[in-house]
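Spelled out, the chains give:
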Amino acid sequence: MEKKSDLSLFRNELKGLAILGVILCHMKLPLGDGLLNRLLFYGYSGVDVFLLLSGYGLYVSLSRSDDLGGYLRRRAARLLPAYWPVCLVWLCTMIPAFGFSPMQILETVAGNVLMVGFLAGAPLNINWYLSCLLLTLLLAPAIYACLKNSRRPLRTLFWLLAAAFGVGVSYFSNSCIMVMSRLPIFVLGMGLAMIDQGKAKSPLRGAARPAFLAFCFLLGLGVLVFVKTQKPKWLGYAGMYWYPFFLMIPPLCLGLGRLFRLDGEKNGLFAPLRMLGEASFEIFLFNVWIEVLVKKVWVWEPCWGYLWMGLLSIPLGLGWHWCVGRITRKIEGRQTHAVS
């Protein structure tokens, strides 16, 4: 029996930690400028965890069946039943509060329904990450094909990463850098899956692997601290709020995966994290809704009241995940019965 990698085996546990990080980042809590407040602020790096794991999972999915139509149907079946109803309610709730013109309403509706709103510059978006998610899902088959058909896959991975970084550079000073700066870590996730599946040999073995990962994490942390303290203008302008996590997140995920494995593959202690990870997309949808309300409708000042509002997205997301799963299973069961 093939041994699963830590990223594959503990994918939901890692996603559970990531969504908690995102929720805590979105809360505006009165914690001053201390270490705890800084750690909570960097919870936005949970997005990079999702993209690394998404790249990994999509490579595995495409390796089982690279039929493009089937791939798109599977992705749509996972995301759209959860997303579109929430999107519809969000549009009906948020648009009246902003007094948009008919053209702005049309742009907002189209941008959010099709998940392209952030990249297209729609007046109001549920969240920028939805455009990033769509972009990576559409890029995945092409990246997979390049890696699969390459005679030298590690060299191809290097050039794909270089291209991903190059795209980000072309968006310096543009708000879309928030999306484009995340492309390298998504490509890296697909590359790690390629190595784990034996398509390419890892260049690091034995003690060199953990030493290299530790070096990457410390280097990324050092770059982030240096830029934040010495070159703060680079943070948003040149994507340095996000690029350092390309170095930090893979070692962090691999290290946590190894830690999770110490107590067995399905330790009950981590069951809550698995549950959060399985429903992370639905939790995210409710959490960003609350964040938009706080930023654009209510007063965005530090307040402990935002704690319960942020945490409220967890039961809402879990409940919605359960409802969507139950409904889709019933529909699939009826379709299977009708065919048979």
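As shown above, the structure is provided for reference.
Residues numbered from 1 in each chain as written. Predicted model: local features only at pLDDT ≥ 70, side-chain atom pairs only at ≥ 80, totals over all residues. Heavy atoms only, no water.

1. Let's talk about the packing of helix α9 (residues 153-169) against helix α11 (residues 183-196)
Alright, step 1. As a packed pair, α9 and α11 sit with axes 8 Å apart at the nearest point and diverge in direction by 170°. When the axes of α9 and α11 are compared, the pair comes out roughly antiparallel. Residue-level contacts link Pro 153, Leu 154, Leu 157, Leu 160, Leu 161, Ala 164, Phe 165 and Val 167 of α9 to Leu 183, Pro 184, Val 187, Leu 188, Gly 191, Met 194 and Ile 195 of α11.
Alright, step 2. Split by residue class, the contact of α9 with α11 holds 14 nonpolar, one polar and no charged. (Axes fitted to C-alpha atoms, helices over the stretch in contact; angles between N-to-C directions. Helix = DSSP H or I, 4+ residues; strand = E, 2+ residues; numbered from the N terminus. Parallel < 35°, antiparallel > 145°, perpendicular 65-115°, else oblique. Contact = heavy atoms within 4.5 Å. Nonpolar A, V, L, I, M, F, W, Y, C, P; charged D, E, K, R; others polar.)

2. Section: the environment of Leu 62
Alright, step 1. Tracing the sequence through the fold places Leu 62 in helix α4 (residues 46-64).
Alright, step 2. Between the C-alpha atom of Leu 62 and that of Pro 210, which follows or precedes it by 148 residues, the distance is 29 Å.
Alright, step 3. Not counting the four nearest positions on each side in its chain, Leu 62 is found in contact with Tyr 71, Ala 140, Pro 141, Tyr 144 and Met 190.

3. Some thoughts on the packing of helix α2 (residues 11-26) against α4
Alright, step 1. Two numbers describe how α2 lies on α4: the axes approach to 8 Å, and their chain directions differ by 155°. Our classification of the angle between α2 and α4 gives roughly antiparallel. Here the hand of the crossing between α2 and α4 comes out left-handed. For the pair α2 and α4, contact is made by Arg 11, Leu 14, Lys 15, Ala 18, Ile 19 and Val 22 and by Gly 46, Val 47, Val 49, Phe 50, Leu 53 and Ser 54, respectively.
Alright, step 2. Of the residues in the contact of α2 with α4, the class split is eight nonpolar, two polar and two charged. (Left-handed = near helix turned anticlockwise from the far one by under 90°.)

4. Quick notes on α4
Alright, step 1. Here α4 spans 27 Å end to end across 19 residues, near enough to the 27 Å set by a 1.5 Å rise per residue.
Alright, step 2. Most of α4 sits inside the fold, with 16 of its 19 residues counted as buried. (Expected span 1.5 Å × (residues − 1). Buried < 20%, exposed > 50% of the residue type's maximum accessible area, 1.4 Å probe, protein only.)

5. Considering the state of the cysteines
Alright, step 1. Using the criterion set out here, one finds zero disulfides in the structure.
Alright, step 2. A disulfide-free cysteine, Cys 176 has its sulfur positioned 11 Å from the sulfur of Cys 132, the nearest such atom.
Alright, step 3. No disulfide involves Cys 323; its nearest neighbouring cysteine sulfur is the one of Cys 87, lying 18 Å away.
Alright, step 4. Under the relative-accessibility criterion, Cys 323 is labelled partly exposed at 31%. (Disulfide = S-S within 2.5 Å.)

6. As for a nonpolar patch on the surface
Alright, step 1. A cluster of nonpolar side chains, Leu 68, Leu 72 and Leu 138, forms an exposed patch at the surface whose accessible area comes to about 290 Å².
Alright, step 2. Note on placement: Leu 72 falls in helix α5 (residues 68-94). (Patch = residues over 30% accessible without salt bridge, like charges linked within 9 Å, V, L, I, M, F, W, Y side chains within 5 Å. Areas by Shrake-Rupley, 256 points an atom, 1.4 Å probe, with all protein chains shown as cover. Salt bridge = Lys/Arg side-chain N within 4 Å of Asp/Glu carboxyl O.)

7. Side note on the pattern of salt bridges
Alright, step 1. Under the counting rule described, the total for this entry stands at seven salt bridges.
Alright, step 2. Here Asp 48 ties to Arg 182 by a salt bridge, and the two come within 3.1 Å at their closest N and O atoms. With Asp 48 in helix α4 and Arg 182 in the loop between α10 (177-180) and α11, this residue pair connects regions lying 134 residues apart in the sequence.
Alright, step 3. Overall, the relative accessible area of 2% leaves Asp 48 in the buried class.
Alright, step 4. A single salt-bridge network, built from bridges that share partners, covers Asp 6, Arg 258 and Arg 261.

8. Overview of unusual backbone geometry
Alright, step 1. Its identity is not glycine, yet Met 115 carries a phi of approximately 65°, on the positive side.
Alright, step 2. Here Met 115 shows up in the loop between α6 (102-113) and α7 (117-120).

9. A look at the packing of aromatic side chains
Alright, step 1. A complete count under the given rule lists 16 aromatic pairs for this structure.
Alright, step 2. On the numbers, 5.7 Å between centres and 50° between planes, the contact of Phe 10 with Phe 260 is tilted. Here Phe 260 lies in helix α14 (residues 244-261) and Phe 10 lies in the loop between α1 (6-9) and α2, a separation of 250 residues in the sequence.
Alright, step 3. With centroids separated by 5.1 Å and ring planes inclined at 80°, the aromatic side chains of Phe 165 and Phe 246 adopt a geometry described as edge-to-face. With Phe 165 in helix α9 and Phe 246 in helix α14, this residue pair connects regions lying 81 residues apart in the sequence.
Alright, step 4. These aromatic residues form a ring-pair network of at least three members: Tyr 42, Tyr 44, Tyr 241, Trp 242 and Phe 245. (Phe/Tyr/Trp six-rings, centres within 6.5 Å; stacked < 30°, edge-to-face > 60°.)

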